[in-house]
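Structural overview for review
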Amino acid sequence: PAMAVALALGALFGVLLSRTRRMEGPVADLDRALARGEFKPYFQPIFDLHTGEIRGCEILARWLREDGTVVPPMNFIPLAESSGRIEAMTWQLLGRALADLQPHLKADKDFKLSFNVVPKHMLGAGFVETLRSTVAAARVSARQIVLEVTERDELDDLARAAAVVGELRDYGFRVAIDDVGVGHSGLSRLKGLGANTIKIDKFFVDTITVDASTTTIVEMLVALARDFHMTVVAEGVETEEQVRALISCGVEEGQGYLVAAPLPFAKFSELMVSRRAA
Ligand code: C2E
Ligand code: CA
Ligand code: CA
Ligand code: CA
């Protein structure tokens, strides 16, 4: 029995020791990955539902780990947010995406780059200034940049949120409200924020061809968007049938596997070139 206790204690100390040695912990992992530049932008086309023409793209984060695994954003964005790393991560992703896309943005002045920003970051001190200087340094026009912001508690101070959106729009940036229809988005707040675009969540696109009440909701969102001079983008479009249903509801733009999944830049670039040649 003494032997067993000694073994157990030894194992316990071994575990504790290796933990401290490797500076274990998911936040330390994030910091290391940030320092190594392991967070990469992937690019998903946003297209005209009528013509299929690519109008822009959304930047979606992927963590490319040393061992070759690709980690999806839901496995690291929440921790990045709660540990205060999301700001650094967002600037890193945007900087890289701007550098990658610069030729496309220059060649097509209507092409738009959308990126995701958490409300706390957007409403934080210095955000608008840093965004302006980052975009200016890349010699890209603010008109080609769309900020996608998900409605959450942080936007509760509607007056303050609307002021920041107003300031962004004064400089020419566009703002899209993400994940509309799920979560917190109240209809009055959709108006009060003063955004340019609403993005209809994949949930509605998934059910639009099977559920008449979804059609009603999407038609209502389109009518609302028109009244507020906003455009509508549907996300998660996978079939031609969904395209037809969305068009008949009045939705103009979409994004989804039907055209392409989020792609690393080289693949996205190939897609753009082959589209242009076609
Ligand atoms: P989101 O902003 O709503 O992005 C759309 C999600 O739907 C993406 O998931 C995209 O890959 C997925 N999607 C698009 N089309 C289709 C389709 O046809 N079928 C299916 N099954 N899925 C489709 P992803 O890339 O896993 O990102 C998940 C969420 O993580 C995003 O949702 C966004 O909220 C967050 N996220 C991603 N990148 C960033 C980032 O750089 N910053 C922040 N703050 N959040 C990010
Ligand atoms: Ca988004
Ligand atoms: Ca979305
Ligand atoms: Ca979504």
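Scope of this entry: the structure provided in the associated data block.

Calculation rules
- Residues numbered from 1 in each chain as written.
- Chains lettered and ligands numbered in written order.
- Predicted model: local features only at pLDDT ≥ 70, side-chain atom pairs only at ≥ 80, totals over all residues.
- Heavy atoms only, no water.
- Helix = DSSP H or I, 4+ residues; strand = E, 2+ residues; numbered from the N terminus.
- Contact = heavy atoms within 4.5 Å.
- Axes fitted to C-alpha atoms, helices over the stretch in contact; angles between N-to-C directions.
- Parallel < 35°, antiparallel > 145°, perpendicular 65-115°, else oblique.
- Left-handed = near helix turned anticlockwise from the far one by under 90°.
- Nonpolar A, V, L, I, M, F, W, Y, C, P; charged D, E, K, R; others polar.
- Core = buried A, V, L, I, M, F, W, Y, C linked by side-chain atoms within 4.5 Å.
- Buried < 20%, exposed > 50% of the residue type's maximum accessible area, 1.4 Å probe, protein only.
- Donors = N, O, S within 2.8 Å, 3.2 Å for Na, K, Ca; no water.
- Expected span 1.5 Å × (residues − 1).
- Arc of directions from axis to C-beta.
- Salt bridge = Lys/Arg side-chain N within 4 Å of Asp/Glu carboxyl O.
- 1 Å grid on protein atoms, 1.4 Å probe; cavity = no way out; pocket = protein on both sides within 12 Å on 5 of 7 lines; lining within 4 Å.
- Points joined across faces, edges and corners; volume = space filled by probe spheres on them.

1. Considering the environment of Val-164
- Position of Val-164 relative to the elements: it lies in helix H7 (residues 158–170).
- Sequence spacing of Val-164 and Leu-94 is 70 residues, and the spatial spacing of their C-alpha atoms is 19 Å.
- Sequence-distant contacts of Val-164, that is, excluding residues within four places in its chain, are made with Met-122, Leu-123 and Val-128.

2. Some words on the packing of helix H6 (residues 127–137) against H7
- Two elements in contact, H6 and H7, have axes separated by 11 Å at closest approach and are oriented at 20°. By the angle between their axes, H6 is roughly parallel relative to H7. In the packing of H6 onto H7, the handedness of the crossing is right-handed. Each of Phe-127, Val-128 and Leu-131 in H6 lies in contact with H7, whose residues at this interface are Val-164, Glu-167 and Leu-168.
- Tallied by class, the residues present in the contact of H6 with H7 amount to 5 nonpolar, no polar and 1 charged.

3. Some remarks on the nonpolar core
- Within the largest apolar cluster, 63 residues are counted, with the highest numbers of intra-cluster contacts made by Leu-113, Met-122, Leu-147 and Leu-168.
- When sequence neighbours within four positions are dropped, the list of residues in contact with Leu-168 reads Met-122, Phe-127, Val-128, Leu-131, Leu-147, Phe-173 and Val-175.

4. Overview of the coordination of the calcium ion (ligand 4)
- Protein coordination at the calcium ion (ligand 4): the donors are Asp-179 (OD), Asp-201 (OD) and Glu-235 (OE), at 2.1 to 2.5 Å from the metal.
- Each donor residue of the calcium ion (ligand 4) belongs to the same chain, and together they define the spacing D-x21-D-x33-E.
- The metal-metal distance between the calcium ion (ligand 4) and the calcium ion (ligand 3) is 3.3 Å, with Asp-179 coordinating both. Remark: Glu-235 occurs in strand S8 (residues 231–235) and Asp-179 occurs in strand S6 (residues 174–180); sequence separation between them is 56 residues.
- For Asp-179, a relative accessible area of 22% translates into the label partly exposed.

5. Considering the coordination of the calcium ion (ligand 2)
- Around the calcium ion (ligand 2), the protein contributes the donor atoms Glu-58 (OE), Asn-116 (OD1), Glu-148 (OE) and Asp-178 (OD), which lie 2.1 to 2.4 Å from the metal centre.
- Spacing between the donor residues of the calcium ion (ligand 2) along their common chain follows E-x57-N-x31-E-x29-D.
- Between the calcium ion (ligand 2) and the calcium ion (ligand 3), a spacing of 3.5 Å is present, and a bridge between the two is formed by Asp-178. Of the two residues, Asn-116 is situated in strand S4 (residues 112–116) and Glu-148 in strand S5 (residues 145–150); the sequence distance between them amounts to 32 residues.
- By relative accessible area, which is 30% here, Asn-116 ends up partly exposed.

6. Some thoughts on H7
- With 13 residues, H7 should reach 18 Å at 1.5 Å per residue; the first-to-last C-alpha distance of 18 Å fits that figure.
- For H7, the full list of buried residues reads Ala-161, Val-164, Val-165 and Leu-168. Buried residues of H7 fall within an arc of 100° about the axis and therefore sit on the same side. Residues of H7 that are exposed and point more than 90 degrees away from the buried face comprise Ala-159 and Asp-170.
- If you follow the buried residues of H7, they end up packed against helix H5 (119–122), H6, S5 and S6.

7. What to know about the pattern of salt bridges
- One pass over the structure, following the stated rule, counts 10 salt bridges.
- Among the salt bridges present, the one from Asp-29 reaches Arg-32, with a minimum N-O distance of 2.6 Å. Taken together, the positions of Asp-29 and Arg-32, both in helix H2 (residues 26–36) and 3 residues apart, correspond to about one turn of that helix.
- In this structure, Glu-253 engages Arg-55 in a salt bridge whose closest nitrogen and oxygen atoms are separated by 2.6 Å. Remark: Arg-55 occurs in strand S2 (residues 54–64) and Glu-253 occurs in strand S9 (residues 253–255); sequence separation between them is 198 residues.
- Three or more residues are tied together by salt bridges with common partners; here these are Arg-36, Glu-38 and Glu-66.

8. Focus on the layout of surface pockets
- Of the voids in this model, the largest pocket is the one considered here, and its volume is about 960 Å³.
- Around the largest pocket, the lining is made up of 35 residues, and of these Glu-58, Leu-60, Pro-73, Asn-116 and Asp-178 lie nearest the centre.
- Those elements that provide at least two residues to the lining of the largest pocket are S2, helix H3 (77–82), helix H4 (86–107), S4, S5 and S6.
- The class makeup of the residues in the lining of the largest pocket is 18 nonpolar, 7 polar and 10 charged.
- Of the voids in this model, the second largest pocket is the one considered here, and its volume is about 360 Å³.

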